[in-house]
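# Close look at the chain arrangement
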Amino acid sequence: MRSGLQQAELEWRLVHVPARDATREELLRVHTEAHLAEIAASAGRTVRFDPDTQAGPRSYAAALRAAGGAVDAVERVLAGEADRAFCAVRPPGHHAEADRAMGFCLFNNVAVAAAHALARGLERVMVVDWDVHHGNGTQAIFQAEPRVLYVSTHEYPFYPGTGALAEVGEGKGRGFTVNLPFPAGMGDAEYARVYRQVVEPIGRAFDPQLLLVSVGFDPHVADPLAGMRVTERGFAELAAVCLSIASGAAGGRAVFVLEGGYDLEGIARSSAAVARVLLGFAPEPLSWPPSGPIDPLVDAYRRVLGPYWPVLGG
Ligand SMILES: [Zn+2]
């Protein structure tokens, strides 16, 4: 990842900004006191929170820095210091719930960043989550919050088990959780079609004032944990869709935050491809068939989500 971004830095003048730690106040907007205490108590030790999620002696420090980096990026983008940011942070965040570490995640970086934007007075924040796993934590934290639109594409059924199409949010938040489950084996063309035909129209209809992206590179074709077939070219297309969504009320403001991804070469190349789009280089057009084997899937999205998002023509 570093090698990929360093190349981007050299060739495309990416500006590198060190991250800072998240404050207690920032974390408490989405996490409980008990959760903060539990994660803090892991400092200097090795603690297993669940079968997938272990903290080493320095994990707490890294988690504070990861969440703080995402908040700082939101601050800088809202202040006009930058239009877009890419937070190369770990551990990832989107499985972490208000009171629970899960799926390699200790604090929910993107949720903490979204809550920060709300605290700054924004009324429409969108989170696009293209990690191959469903972001159960982000969904749970904002499921009743109409100011945060959460849109996730993910392999399903798969870890962590949530993210069915029928999960659309609760109470005032109904319709503001959008789950687009995919079968394994989807590649650039299928992802591009769903992002252009479903994610982009919903996003433009919501017209966020700030776009956050949970960037997981585990849909990559070489990823050892999942079964998708996305290449760097595909990730560039997803980034281009995100910037299109951010081109309305957000005025181009978008913060991309790294989530999962377990093939290091794939992460490096994909990060560079996404950074290139964030720096204003349009990717070459990626063609996708307007109809094909995934028609039933797209029809199902329209049928379930059309009542909330008439733009889909469901
Ligand atoms: Zn993942």
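Residues numbered from 1 in each chain as written. Predicted model: local features only at pLDDT ≥ 70, side-chain atom pairs only at ≥ 80, totals over all residues. Heavy atoms only, no water.

### Quick look at the pattern of salt bridges
Opposite charge on two side chains lets them pair, provided their charged atoms get close. To keep it simple, the criterion reads: A carboxyl oxygen of Asp or Glu within 4 Å of a side-chain nitrogen of Lys or Arg is what we treat as a salt bridge. Helix numbering and strand numbering both begin at the N terminus, where a helix is a DSSP run of H or I of at least 4 residues and a strand a DSSP run of E of at least 2. Each residue is placed in one exposure class: buried if its accessible area under a 1.4 Å probe, protein chains only, is under 20% of its type's maximum, exposed if it is over 50%, and partly exposed if it falls in between.
As enumerated under the stated definition, the model contains 15 salt bridges in all. Of the charged contacts in the structure, one is a salt bridge between R76 and D72, with a shortest N-O distance of 2.8 Å. With R76 and D72 both in helix 4 (residues 59-78) and 4 residues apart, the pair spans about one turn of that helix. Take R76: its relative accessible area is 28%, and that puts it in the partly exposed class. One salt bridge connects E200 with R196, and the closest N-O pair in it is separated by 3.1 Å. With a gap of 4 residues between them, E200 and R196 both fall in helix 7 (residues 188-206), about one helical turn apart. Since its relative accessible area comes to 26%, R196 is described here as partly exposed. Overlapping salt bridges, with partners in common, bring together R196, E200, R233 and E237 in one network.

### Notes on the coordination of the zinc ion
Each donor-metal-donor angle in an ideal tetrahedron of four donors is 109.5 degrees, and each such angle in an ideal octahedron of six donors is either 90 or 180 degrees. How we decide: Because no water is among the atoms considered, metal sites can look incomplete, with donors defined as N, O and S atoms within 2.8 Å of the metal, or 3.2 Å for Na, K and Ca. Square planar and octahedral assignments, for four and six donors respectively, both demand that opposite donors be over 155 degrees apart and that all other angles lie between 65 and 115; tetrahedral needs four donors with all angles between 85 and 135 degrees, and anything else is irregular.
On the protein side, the zinc ion has D131 (OD), D131 (OD), H133 (ND1) and D218 (OD) as donor atoms, found 2.0 to 2.7 Å from it. Geometry at the zinc ion is irregular, judged from the 4 donor atoms that bind it and their angles of 53 to 155 degrees at the metal. Mapping the donors of the zinc ion onto the primary sequence gives the spacing D-x1-H-x84-D. A residue pair is termed long-range when its members are at least 10 positions apart, and H133 in the loop between strand 4 (125-129) and helix 6 (136-142) and D218 in the loop between strand 7 (210-215) and helix 8 (232-245) qualify at 85 residues.

### Regarding the nonpolar core
The nonpolar side chains of a soluble globular protein tend to be buried, and buried together. Convention followed: Residues belong to a common nonpolar core when they are buried Ala, Val, Leu, Ile, Met, Phe, Trp, Tyr or Cys residues joined through side-chain atoms within 4.5 Å. Contact criterion: two residues are considered in contact whenever any of their non-hydrogen atoms come within 4.5 Å of each other.
Counting residues in each nonpolar core, the largest one holds 55 residues, and the members touching the most others are W130, L180, L211, F217, F256, V274 and L305. Here this core gets 9 residues from one element, more than from any other, and that element is helix 8. If we skip the residues at most four places from it in the chain, L180 touches V151, S152, T153, H154, V194, V198, V199, Y301 and L305. Counting 41 residues, the second largest nonpolar core, distinct from the first, contains L27, V30, V148 and L210.

### Here we look at helix 8
Basically, it comes down to this: The span expected for a helix works out to 1.5 Å for each residue beyond the first.
Over its 14 residues, helix 8 extends 20 Å from the first C-alpha to the last, a length consistent with the 20 Å expected when each residue adds 1.5 Å. When you tally the buried positions in helix 8, you get 12 out of 14 residues, the bulk of the element. For helix 8, the full list of buried residues reads G234, F235, A236, E237, L238, A239, A240, V241, C242, L243, S244 and I245. Against strand 3 (84-87), strand 4, helix 7, strand 7, strand 8 (254-258) and helix 9 (264-278) lie the buried residues of helix 8.

### Side note on helix 9
Relative to the 21 Å expected for 15 residues at 1.5 Å per residue, helix 9 spans 21 Å between its end C-alpha atoms, a close match to the ideal helical length. The element helix 9 is largely enclosed, with a buried count of 11 among its 15 residues. Just beyond helix 9, the residue with positive phi is G280, at close to 105 degrees.

### A look at the state of the cysteines
Threshold: The criterion for a disulfide is a pair of cysteine sulfur atoms lying within 2.5 Å.
All chains considered together, the criterion is met by 0 disulfides. Lacking any disulfide linkage, C87 is separated from the closest cysteine sulfur, that of C242, by 14 Å. Among the residues examined, C87 registers a relative accessible area of 7% and is labelled buried.

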